[in-house]
Amino acid sequence: FLDRSLLMGGARIDKAQRRKLRNKLKRRLRQISGKNETSESDDVADISLNYIKGRAERFATERDWSKFHTPRNLALALVGEIGELSEIFQWKGDDECPPGLGNWNPKDLEHLGEELSDCIIYLVRLADRCSVDLSRAIRRKFDLNAKKVRCQAALHSPPIFFVFYGMLNTRVFSVSSSILLKNVAALLRNTPHTRPNEASMARHLQLKVSAS
């Protein structure tokens, strides 16, 4: 809708202008929908997953959008929102994005909050349409992560290792990724404070790479 409206009259609008107009339209639609909906406990500081689930379901039902909220469509919509969230940080250095973002102005922080909210809403809606108990899944995942990565073991581990270790489960390899994975495995073997479980992960890494 937005892209079609921008082409009316033969106007040419670049990507930055289109993104700016899209964000402005989204904020306006939120304001309009907020005025037309009844508010319930919107002033509370903490919002539960069930609250988000209920509001998202009611929002879709009132507009007859549930038929479009298939898992595939919601997953793609979530990816789109994550892309918009990523654009906020694009081309910014770490010094421009310190923890807490104390050097950001209120308008940019508000925009960040809007994009984060969109991501969470779509994520909760996706879990609901997939019949996934997100609260239970999150608790289980925290427990699994705590068992998988012990605090002392992670203390001396190169952080980049965990990024590449996650790539192993995707079974997607290229020549360059295989070389990088081999380098990470070698780095782990040569790390002075490598824990036994890290050494086994390094061997597992080598096996995966050789198999690829």
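For the structure, see preceding data.
Residues numbered from 1 in each chain as written. Predicted model: local features only at pLDDT ≥ 70, side-chain atom pairs only at ≥ 80, totals over all residues. Heavy atoms only, no water.

1. Quick word on the overall build of the protein
Stage number 1. Looking only at helices and strands, the protein features 10 helices and zero strands.
Stage number 2. Listed N to C, the secondary structure of the protein is α-α-α-α-α-α-α-α-α-α in terms of helices and strands.
Stage number 3. Put simply, the protein has 212 residues, and 24% of those count as buried.
Stage number 4. Residue pairs at least 24 apart in sequence account for 63% of intrachain contacts in the protein once pairs closer than 6 positions are excluded. (Helix = DSSP H or I, 4+ residues; strand = E, 2+ residues; numbered from the N terminus. Buried < 20%, exposed > 50% of the residue type's maximum accessible area, 1.4 Å probe, protein only. Contact = heavy atoms within 4.5 Å.)

2. Thoughts on the pattern of salt bridges
Stage number 1. Across all of its chains, the model carries four salt bridges by this definition.
Stage number 2. With a closest N to O distance of 3.7 Å, Lys 53 and Asp 128 form a salt bridge. Here Lys 53, found in helix H3 (residues 49-62), pairs with Asp 128, found in helix H5 (residues 106-129); they are 75 residues apart in sequence, far enough to count as distant.
Stage number 3. The exposure class assigned to Lys 53 is partly exposed, which follows from its relative accessible area of 35%.
Stage number 4. A salt bridge links Asp 64 to Lys 67; its shortest N-O distance comes to 3.3 Å.
Stage number 5. By relative accessible area, which is 55% here, Lys 67 ends up exposed. (Salt bridge = Lys/Arg side-chain N within 4 Å of Asp/Glu carboxyl O.)

3. Here's the deal with H5
Stage number 1. If you check H5, its first and last C-alpha atoms are 34 Å apart, about what 24 residues at 1.5 Å a residue would give, namely 34 Å.
Stage number 2. Within H5, burial applies to His 111, Leu 112, Glu 114, Glu 115, Asp 118, Cys 119, Val 124, Arg 125, Leu 126 and Ala 127.
Stage number 3. Regarding H5, its N-cap is Asn 105, as a side-chain oxygen of that residue lies 3.1 Å from the backbone nitrogen of Lys 107 further along.
Stage number 4. Looking at the residues trailing H5, positive phi occurs at Ser 131, about 60°. (Expected span 1.5 Å × (residues − 1). Polar contact = N/O pair within 3.5 Å; in protein donor to acceptor, adjacent residues only side chain to side chain.)

4. Topic: unusual backbone geometry
Stage number 1. Positive phi outside glycine occurs at Trp 91, with the angle close to 70°.
Stage number 2. When you line up the elements, Trp 91 lands in the loop between helix H4 (71-89) and H5.
Stage number 3. By relative accessible area, which is 79% here, Trp 91 ends up exposed.
Stage number 4. Its identity as a non-glycine residue notwithstanding, Ser 131 has a phi of 60°, on the positive side.
Stage number 5. When you line up the elements, Ser 131 lands in the loop between H5 and helix H6 (134-148).

5. Considerations on the packing of aromatic side chains
Stage number 1. Overall, the coordinates contain two aromatic pairs when judged by the stated rule.
Stage number 2. Considering the side-chain rings of Phe 59 and Trp 65, the 5.7 Å spacing of their centres and the 65° angle between planes classify their relative orientation as edge-to-face.
Stage number 3. On the basis of relative accessible area, Trp 65 is assigned to the partly exposed category, the value being 40%.
Stage number 4. A ring pair is formed by Phe 89 and Trp 104, whose centres lie 5.5 Å apart and whose planes are at 40°; its orientation type is tilted. In this pair, Phe 89 sits in helix H4 while Trp 104 sits in the loop between H4 and H5, placing the two residues 15 residues apart along the sequence.
Stage number 5. Exposure remark for Phe 89: the relative accessible area of 31% places this residue in the partly exposed category.
Stage number 6. You can call Trp 104 buried: its relative accessible area is 12%.
Stage number 7. Against the face of Trp 104 rests Lys 92, its NZ or CZ located 5.7 Å from the ring centre. (Phe/Tyr/Trp six-rings, centres within 6.5 Å; stacked < 30°, edge-to-face > 60°. Lys NZ or Arg CZ within 6 Å of the ring centre and 35° of its normal.)

6. As for the nonpolar core
Soluble, globular proteins show a tendency: their nonpolar side chains are buried together.
Stage number 1. Counting residues in each nonpolar core, the largest one holds nine residues, listed as Leu 74, Leu 78, Leu 85, Ile 88, Leu 101, Trp 104, Leu 112, Cys 119 and Leu 126.
Stage number 2. For this core, the secondary structure elements donating two or more residues are H4 and H5.
Stage number 3. If one sorts the elements of this core by residue count, H4 sits on top with four residues.
Stage number 4. Filtering out sequence-adjacent residues up to four positions away, Leu 101 remains in contact with Leu 109 and Leu 112. (Core = buried A, V, L, I, M, F, W, Y, C linked by side-chain atoms within 4.5 Å.)

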